[in-house]
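This is what each chain is made of:
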Amino acid sequence: MIRVQLPYHLRNLASVGREVTLEVDPPVTQRSILDALEKAYPMLSGTIRDHVTKKRRPFVRFFACKMDLSDESPDAPVPDQVATGVELYVVIGAIAGG
Amino acid sequence: MSKVRVLIGTKKGAFVCTADGKRENWDIQGPFFGGWEIYHMKGSPVDPDRIYASQSNAWFGQVMQRSDDGGRTWVTPGSTEEERMTEWGFPGGESNKFVYEGDPGTHKHFDGSTRPWEFKRVWHLEPSLSDPNVVYAGVEDAAIFRSTDAGKTWQELPGLRTHGTAADWQPGAGGMCLHTILIDPKNHDRMFVAISACGCFRSDDGGKTWRPINRGLRSDFMPDPDAEVGHCVHRIAFHPSNPDVLFMQKHWDVMRSDDGGENWREVSGNLPVDFGFPIDVHAHEPNTIYVVPIKSDSEHYPPEGKLRVYRSKTGGDDWEALTNGLPQSDCYVNVLREAMAVDQMDPCGIYFGTTGGQVYVSADSGDTWKAINEHFPSVLSVEVQTLP
């Protein structure tokens, strides 16, 4: 089970709490987490990644295990603590503007 | 006509304001979509209770919203009942999907380099004049899309973006946005669009093909000031009874065309400055037009700190300042291109919103002004519906 933390506006769009859980088959990667997230919550399609290119939106960041995974390969395995649900996979809106 | 409904898009949400024909006492509902930028909202002229809204922010991109009850409740088109769990619903995964047809190629950037065409947001929504399920969207990077299913899905009309000049289009400071769409009420196949900083285009076949209509525009910031494209048109407007006469607020210069955009001439006349963003036309006097002069392209606030709407009853050249009820000292707000509208009441009501969060109304064609509210978030757009 993967635990994903969403930012305020996406929680409102998906009408969920701060954290959602997802079942993701191994090997767990950022791409497979986000695919599962968009499948479970289709309203989030296009808000985190581009609809077509699947590139991360510039002001969205991905954190886990006190690391910034935003620029890591989307197909690289995520840390074991994320893959096992011990640690959160955090989707966050970058601090920009007022 | 007994009631007006004002649709206000701001940097931090949407507001819906209603009043009776006196336009004195206002009921303000909102914010809807709190914290999001609402670039534009507009109601269908066929079904006024159907309102489309463009919701976006830099973080999470574009979301489309639709109301079928006059702005009381909202859904993202295409979402199911089960999905509508928030008070304003959310997208079903397709209504925010704006994908250019084919390989979109590149356009010019500020520095002369090339950039790939990339969808950023919807600036303008123009509902069809005949079908409430049809709505056009003007987007950044500049292109026009159409939905025929009430906003559930969107298809590009690629003839505009693939015009032979498109590789040379480049953004204005606000982005390379298609911000104005006008549909000729006498011939729905004839459409006008305006793009910053490219200029105006006209289609005579319902949006399949387009051609630039910028003859007579002059822009000194361009290497060739009279070029076919590259002009930063801020807004165009016409009176529905006379769509061959177009009025334009350009980056600098107020312009007029009497032949459907084939030729333009300057009508800035005695304006204190001819830089500005919005322009609109009186509902019952096709030759009465309104602009809000701004000091310059470098200083986006009114000259002398005096917020003045200027009215010309002669279709340009001869302008009068309208100041009664507007701040005449220490006012340093801007009025953006989408932030002016007129109602259909008699006398005609004129509305505009400011970047300082004020929305003003004149119930007497501009002679006197009152604020609907002085403390909205920064106003991006104002539209008004006149209701039975």
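What you see is a predicted model, and the numbers here were worked out from it, not measured in a lab.

Calculation criteria
- Residues numbered from 1 in each chain as written.
- Chains lettered and ligands numbered in written order.
- Predicted model: local features only at pLDDT ≥ 70, side-chain atom pairs only at ≥ 80, totals over all residues.
- Helix = DSSP H or I, 4+ residues; strand = E, 2+ residues; numbered from the N terminus.
- Rg over C-alpha atoms; globule rule 2.2 N^0.38 Å.
- Contact = placed C-beta atoms within 7 Å.
- Pairing = 2+ DSSP bridges.
- Axes fitted to C-alpha atoms, helices over the stretch in contact; angles between N-to-C directions.
- Buried ≥ 20, exposed ≤ 12 C-beta atoms within 10 Å, placed from the backbone.

Enquirer: Just checking my understanding: could you explain the overall build of chain A for this structure?
Expert: On a plain count of helices and strands, chain A comes out with three helices and five strands. Along the chain direction, N to C, the helices and strands of chain A fall in the order β-α-β-α-β-β-α-β. For 98 residues, the compact-globule formula gives about 13 Å, and the C-alpha radius of gyration of chain A, at 12 Å, lands near that figure. For chain A, the spread of C-alpha atoms along the three principal axes comes to 35 × 25 × 25 Å.

Enquirer: Got a minute to help me understand the environment of B:Ser296 in this structure?
Expert: Residues and elements named next belong to chain B. Positionally, Ser296 belongs in the loop between strand E22 (289-293) and strand E23 (309-312). Taking the C-alpha atoms as reference, Ser296 lies 9.0 Å from His251; in sequence the two are 45 residues apart. What Ser296 contacts, discounting residues up to four positions off in sequence, is Val273 and Phe275.

Enquirer: What is the right way to read the sheet that holds strand E2 (residues 13-20) of chain B from this model?
Expert: Sheets are built from strands paired through backbone hydrogen bonds, the pairs being either parallel or antiparallel. All names here are of chain B. If you walk across this open sheet you meet the four strands as E3-E2-E1-E29, and the pairing is antiparallel. Taken across any chain shown, the strands that pair with only one partner, and hence form the sheet edges, are strand E3 (27-32) and strand E29 (379-387). In this sheet, adjacent strand axes meet at a mean angle of 15 degrees when their direction is disregarded. Here strand E1 (residues 3-10) pairs with E2 via eight bridges, running antiparallel.

Enquirer: Mind showing me how you'd approach the environment of B:Val75 here?
Expert: Assignment of secondary structure puts B:Val75 in the loop between strand E6 (61-67) and strand E7 (106-108). Sequence-wise, B:Val75 and B:Tyr52 are 23 residues apart; in three dimensions their C-alpha atoms are separated by 9.8 Å.

Enquirer: I'm lost on helix H2 (residues 30-40) of chain A in this one. Help?
Expert: Within an α-helix, residues lying three or four positions from one another point in the same direction, as the helix has 3.6 residues per turn. Looking only at H2(A), the buried set comprises A:Gln30, A:Ser32, A:Ile33, A:Leu34 and A:Leu37. Lining the buried residues of H2(A) we find strand E1 (2-5), strand E2 (19-22), strand E3 (60-64) and strand E5 (89-93) of chain A.

Enquirer: In this structure, what is going on with unusual backbone geometry? I would like to understand it.
Expert: Glycine aside, residues mostly have negative phi, and peptide bonds are mostly found in the trans state. The peptide bond linking B:Gly30 to B:Pro31 adopts the cis configuration, its omega dihedral lying at 0 degrees. Here B:Pro31 lies in strand E3. Note the cis peptide between B:Ser196 and B:Ala197, where omega equals 0 degrees. Tracing the sequence through the fold places B:Ala197 in the loop between strand E14 (191-196) and strand E15 (199-203). Despite not being glycine, A:Lys66 has its phi angle at roughly 60 degrees, a positive value. Mapped onto the fold, A:Lys66 is located in the loop between E3 and strand E4 (67-68). The backbone of B:Ala150 sits at a positive phi, close to 65 degrees, despite the residue not being glycine. Mapped onto the secondary structure, B:Ala150 falls in the loop between strand E11 (143-147) and strand E12 (155-156).

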